[in-house]
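A look at the structure
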Amino acid sequence: DNPHISEMMLTGGSPTMHSALVNELTHFANERGIFITMETEGSHFLNTDFPIDLLSISPKFSNSVPVVGAVTPNGEITDERMVKTHNRLRLNKPAIKSSIEYHKDYHIKPVLDKDLAILSEVEEFIKELEIPNEKIWAMPAGDTREALFQSYPVVMDFVRDRGWRFTGRAHIMAFDTERCV
């Protein structure tokens, strides 16, 4: 119905957990010449009939581990089971490596805190998977405007000096903590 659409973004949660739907969408896009970007944390390798054009992979490093007792965006209380599940799936290097090899293109988006505390973890990951600098788009940590005001300058300076790329969080800067925007 909209032949002018030339790009499609698959995101939210973990699209790779919905293999049949994603594969169907690759057929749809291939038939219409639509470029597909899929945003994923990389926990699952997804072998589609038509490779995804661009994987935007945000691996979950140790700064992503949920805190027991915290309230999730869905209103659930984080328990030990949720933390264990998160830790089991959060950095699936074999799945990420397979995804990079199979699909057409990729970039990695590590989330860096203002103190750069996980930097050695990120660098180890990059070295192990042989990720070149031009494929790294660091993103500042923060789920509020105020937190991003603190992270942005540190992360921007760091990526400039390291030769990486920077990607912001425009939705948080624009809407702060408002959901469903």
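Residues numbered from 1 in each chain as written. Predicted model: local features only at pLDDT ≥ 70, side-chain atom pairs only at ≥ 80, totals over all residues. Heavy atoms only, no water.

1. Here's the deal with the sheet that holds strand S7 (residues 165–166)
Note the cut-off: Strand pairing follows a simple DSSP-based rule, namely that at least 2 bridges must link the two strands. In this text, helices come from DSSP runs of H or I with a minimum length of four residues, and strands from runs of E with a minimum of two, each type numbered from the N-terminal end. The contact definition used throughout considers only heavy atoms, calling two residues in contact when any of these lie within 4.5 Å. In this description, a line fitted to the C-alpha atoms serves as the axis of each element, helices being fitted only across the stretch in contact, and the angle between N-to-C directions of two axes falls anywhere from 0 to 180 degrees.
Taken in spatial order, the 3 strands of this open sheet run S5-S6-S7, and their pairing is parallel. Strand pairing shows two members of the sheet lacking a second neighbour, strand S5 (111–112) and S7, which therefore form its edges. The strands that helix H5 (residues 145–162) touches are S5, strand S6 (137–140) and S7; relative to S6, the one it contacts most, it runs at about 155°.

2. Details of the side chain of Thr26
With respect to the helices and strands, the residue Thr26 is situated in helix H1 (residues 19–32). The contact partners of Thr26, leaving out residues within four places of it in the chain, are Ile36, Thr48, Asp49, Phe50 and Ile52.

3. So, the sheet that holds strand S1 (residues 7–10)
Pairing within the open sheet is parallel, and its 4 strands lie in the order S1-S2-S3-S4. Both outer strands of the open sheet, S1 and strand S4 (106–108), are each paired with one neighbouring strand and no more. Going from strand to strand, the sheet's axes swing by 15° on average, the running direction of each strand aside.

4. Some points on the pairing of S1
Using the following cut-off: Relative accessibility under 20% of the residue-type maximum defines a buried residue, over 50% an exposed one, and the middle range a partly exposed one, all with a 1.4 Å probe and only protein chains included.
Going residue by residue along S1, you find Met8 and Leu10 tucked away on one face and Glu7 and Met9 left uncovered on the opposite face. Sheet topology places S1 next to strand S2 (residues 35–40); 4 bridges connect them, and they run parallel. Its bridge partner lying in S2, Met9 is registered against Thr37.

5. Comments concerning the nonpolar core
As a reminder, the rule being used: The set of buried Ala, Val, Leu, Ile, Met, Phe, Trp, Tyr and Cys residues whose side-chain atoms join them within 4.5 Å is what this entry labels a nonpolar core.
In terms of nonpolar packing, the biggest core is built from 30 residues, with Ile100, Leu112, Ile131 and Trp164 touching the most fellow members. Of all the secondary structure elements, the ones that give two or more residues to this core are S1, H1, S2, strand S3 (54–57), helix H3 (93–102), S4, helix H4 (119–129) and H5. In terms of residues, this core owes the most to one element, H4, which gives 5 residues. Setting aside anything within four residues of it in sequence, one finds Ile131 in contact with Ile100, Tyr106, Ile108, Ile126 and Ile136.

6. Quick look at the packing of H3 against H4
This is how the line gets drawn: Roughly parallel refers to an angle under 35 degrees, roughly antiparallel to one over 145, roughly perpendicular to one between 65 and 115, and oblique to any angle outside these ranges. In this scheme the crossing of two helices becomes right-handed for a clockwise turn of the near helix relative to the far one and left-handed for an anticlockwise turn of less than a right angle.
At a minimum axis distance of 11 Å, the contact between H3 and H4 shows a crossing angle of 50°. One way to sum up the angle between H3 and H4 is to call them oblique. Judged by the sense of rotation from one axis to the other, the crossing of H3 with H4 is right-handed. Of H4, the residues touching H3 (which contributes Lys93, Ile96, Lys97 and Ile100) are Glu124, Phe125, Glu128 and Leu129.

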